[in-house]
Amino acid sequence: MSVQFGRCNFDGKPVNPEDFDHVRPVLAPYGPDGEGYICKDNLGILYRTFHTTKESRCETQPHVSISGAIITWEGRLDNRQDLIERLAGGLSADSTDLEIVAVGYERWGTDAFRELIGDWACSVWNSKDQSLILAKDFIGTRHLYYSVERDQVTWCSILDPLVLFADHSFKLEEEYVAGWLAFFPATHLTPYIGLHSVSPSSFVRLARGEHRASKYWDFDSAIRIRYRTDAEYEEHFRHVFGESVRRRLRSDSPVLAELSGGMDSPSIVCMADLIVAEGNTDCPRLDTLSYYNDAEPNWNERPYFTKVEEKRGRTGCHLDLGSDPFRLELKSGYFSATPGSLRFRSSVRERFA
């Protein structure tokens, strides 16, 4: 995924370009395809690019819209064609996701967010009223974190720079820790007091003296789908499942899918094969990655994922976890921003990389 980092001073003081020099090495692994950078007056934005579609290779980020708003977008826009038809305004099938989002924001303002279907995170700096808007997709697949220190706001797609380059230490957020131990922390929390996360289906508006979160969409439990037969439900599920997989195959590079011995990933891989075979995607090839451990009697993944490989006519990459157990050998100075993200050093992880 691409990654963004930004900082603005609502008191009008210029941002320090040297702060971005410290951040660059941390962001670089997430965006190997280039850098976009704006540092002017009281605003600075650093964007590292990871291209996954042919359209994304034509993007220039951060993007300055017609009205002067500076928009930074990372993600995948699934309802491109629908939005192109509704917005018109010089858009075409070759328009980038960023261009579509920018035109949508110019037309609808923050109401545009509820029209964007996909996995995404977006920031908008409005120079006219000196306000910052941070928004995230309705499920919250992408992360977008921020901190507010007096009249300064700093935001990023990953937590590391916000913690590592702050001028003070942070106390742990006990409510997040309790939620993490129960598997589901509240979406607006992070492990640190003072660092916030934009919630799914929401945007945050920040300005001098203002810090306001708003929901742009919510689940409506009153909506029902009624069919006469089970077959109709099955056909509907097959359609939306296939559409979901197809959207994630929108790439001009090979796609890697994990393949286990369960039910979910084999279904996804087999559906993806059908879509690729029908020519309904730009994806040139789908490869698979599977883990196994023959020494573990209750974890017999290999007999099942090899059956899927037989159907595919292609053997994927196999990683034997029994041959080299994970070892806790952290590099000196290594920082793990969130619980559970320790990077164990082993030949298995090296082969995965």
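The preceding data block contains the structure.
Here's a quick rundown of the structure.

What counts as what
- Residues numbered from 1 in each chain as written.
- Predicted model: local features only at pLDDT ≥ 70, side-chain atom pairs only at ≥ 80, totals over all residues.
- Heavy atoms only, no water.
- Core = buried A, V, L, I, M, F, W, Y, C linked by side-chain atoms within 4.5 Å.
- Buried < 20%, exposed > 50% of the residue type's maximum accessible area, 1.4 Å probe, protein only.
- Helix = DSSP H or I, 4+ residues; strand = E, 2+ residues; numbered from the N terminus.
- Contact = heavy atoms within 4.5 Å.
- Axes fitted to C-alpha atoms, helices over the stretch in contact; angles between N-to-C directions.
- Parallel < 35°, antiparallel > 145°, perpendicular 65-115°, else oblique.
- Left-handed = near helix turned anticlockwise from the far one by under 90°.
- Nonpolar A, V, L, I, M, F, W, Y, C, P; charged D, E, K, R; others polar.
- Phe/Tyr/Trp six-rings, centres within 6.5 Å; stacked < 30°, edge-to-face > 60°.
- Lys NZ or Arg CZ within 6 Å of the ring centre and 35° of its normal.
- Arc of directions from axis to C-beta.
- Pairing = 2+ DSSP bridges.
- Polar contact = N/O pair within 3.5 Å; in protein donor to acceptor, adjacent residues only side chain to side chain.
- Patch = residues over 30% accessible without salt bridge, like charges linked within 9 Å, V, L, I, M, F, W, Y side chains within 5 Å.
- Areas by Shrake-Rupley, 256 points an atom, 1.4 Å probe, with all protein chains shown as cover.
- Salt bridge = Lys/Arg side-chain N within 4 Å of Asp/Glu carboxyl O.

Structural notes on the nonpolar core
Judged by nonpolar contacts, the single largest core of 22 residues is most densely connected at Trp73, Phe113, Leu116 and Trp120. Listing elements by their share of this core, those giving two or more residues are strand 5 (70-77), helix 2 (80-87), helix 3 (97-108), strand 6 (118-126) and strand 7 (131-136). Looking at this core, the element that brings in the most residues is helix 3, giving five residues. For Phe113, the residues in contact, after removing those within four places along its chain, are Tyr105, Trp120, Ile133, Ala135, Phe203 and Tyr216.

What about the packing of helix 2 against helix 3?
Packing of helix 2 against helix 3 leaves a shortest axis separation of 10 Å and a crossing angle of 45°. Between helix 2 and helix 3, the angle falls in the class oblique. For helix 2 against helix 3, the interelement crossing comes out left-handed. Facing helix 2, whose interface residues are Arg80, Leu83, Ile84, Arg86 and Leu87, helix 3 presents Asp97, Ile100, Val103, Gly104, Arg107 and Trp108. Grouping the constituent residues of the contact of helix 2 with helix 3 by class yields six nonpolar, one polar and four charged.

Re the packing of aromatic side chains
Going through the model one piece at a time under the given rule, you end up with 13 aromatic pairs. On the basis of an interplanar angle of 25° and a centroid distance of 6.2 Å, the ring pair of Phe10 and Trp125 is categorised as stacked. Remark: Trp125 occurs in strand 6 and Phe10 occurs in the loop between strand 1 (3-9) and helix 1 (17-27); sequence separation between them is 115 residues. Each member of the pair, Phe10 as well as Trp125, carries the same accessibility label: buried. Directly above the aromatic system of Tyr37 lies the positively charged group of Arg24, at a separation of 4.6 Å from the ring centroid. In this structure, Arg302 packs its charged tip against the face of Tyr292, placed 4.2 Å from the ring centre.

Points about helix 8 (residues 302-312)
Residues of helix 8 that are buried: Phe305, Val308, Glu309 and Arg312. Down the axis, helix 8 shows its buried residues gathered within 100° of arc, on one side only. Those residues of helix 8 that are exposed and angled more than 90 degrees off the buried face are Lys307, Glu310 and Lys311. Summarising the contacts, the buried residues of helix 8 are in contact with helix 7 (264-277), strand 14 (286-292) and strand 15 (317-320). Gly313 occupies a position one or two residues after helix 8 and carries a positive phi of about 75°.

Structural notes on the pairing of strand 12 (residues 210-215)
In the sheet, strand 11 (residues 202-207) pairs with strand 12 via six bridges, with the strands oriented antiparallel. Following the sheet pairing, Phe203 is matched in strand 12 by Ser214.

Focus: helix 5 (residues 174-181)
The distance from a side-chain oxygen at the start of helix 5 to the backbone nitrogen of Glu175 is 3.3 Å, and the residue carrying that oxygen is Glu173. Looking at the residues trailing helix 5, positive phi occurs at Phe183, about 80°.

Considering the pairing of strand 2 (residues 35-40)
Sheet topology note: the strand 2/strand 3 (residues 43-48) ladder contains six bridges and is antiparallel. Each bridged residue has a counterpart across the sheet, and for Tyr37 the counterpart in strand 3 is Leu46. Linking two consecutive strands that pair antiparallel, namely strand 2 and strand 3, is a turn of two residues; a positive phi of about 55° is found at Asp41 within it.

Describing unusual backbone geometry
Note the cis peptide between Gln61 and Pro62, where omega equals -5°. At Arg150, a position not held by glycine, the phi torsion is positive, near 55°. Of note, the phi angle at Ser201 is positive, near 60°, even though the residue is not glycine.

Things to note about a nonpolar patch on the surface
A contiguous nonpolar patch, built from Phe138, Ile139, Trp217 and Phe219 and spanning about 440 Å² of accessible area, is present on the exposed surface. Summarising the element assignment, Phe138 is placed in the loop between strand 7 and strand 8 (145-149).

Section: the sheet that holds strand 12
Read across the open sheet, the six strands follow the order 4-5-6-7-11-12; overall the sheet is antiparallel. One side of each edge strand has no neighbouring strand; the edge strands of this open sheet are strand 4 (63-64) and strand 12. Bridging between strand 7 and strand 11 involves four bridges; their strand directions are antiparallel. Pairing of Leu134 across the sheet is with Val204, part of strand 11. Together, strand 4, strand 5, strand 6 and strand 7 form the strand contacts of helix 3, whose direction differs from that of strand 5 by roughly 125°.

Digging into the pattern of salt bridges
Tallying each qualifying case throughout the model produces 29 salt bridges. Its salt-bridge partner being Glu35, residue Arg24 comes within 3.0 Å of it at the nearest N-O pair. Highlighted residues: Arg24 in helix 1 and Glu35 in strand 2, separated in sequence by 11 residues. Residues joined in a network through salt bridges with shared partners are Asp82, Arg86, Asp111, Arg114 and Glu115.

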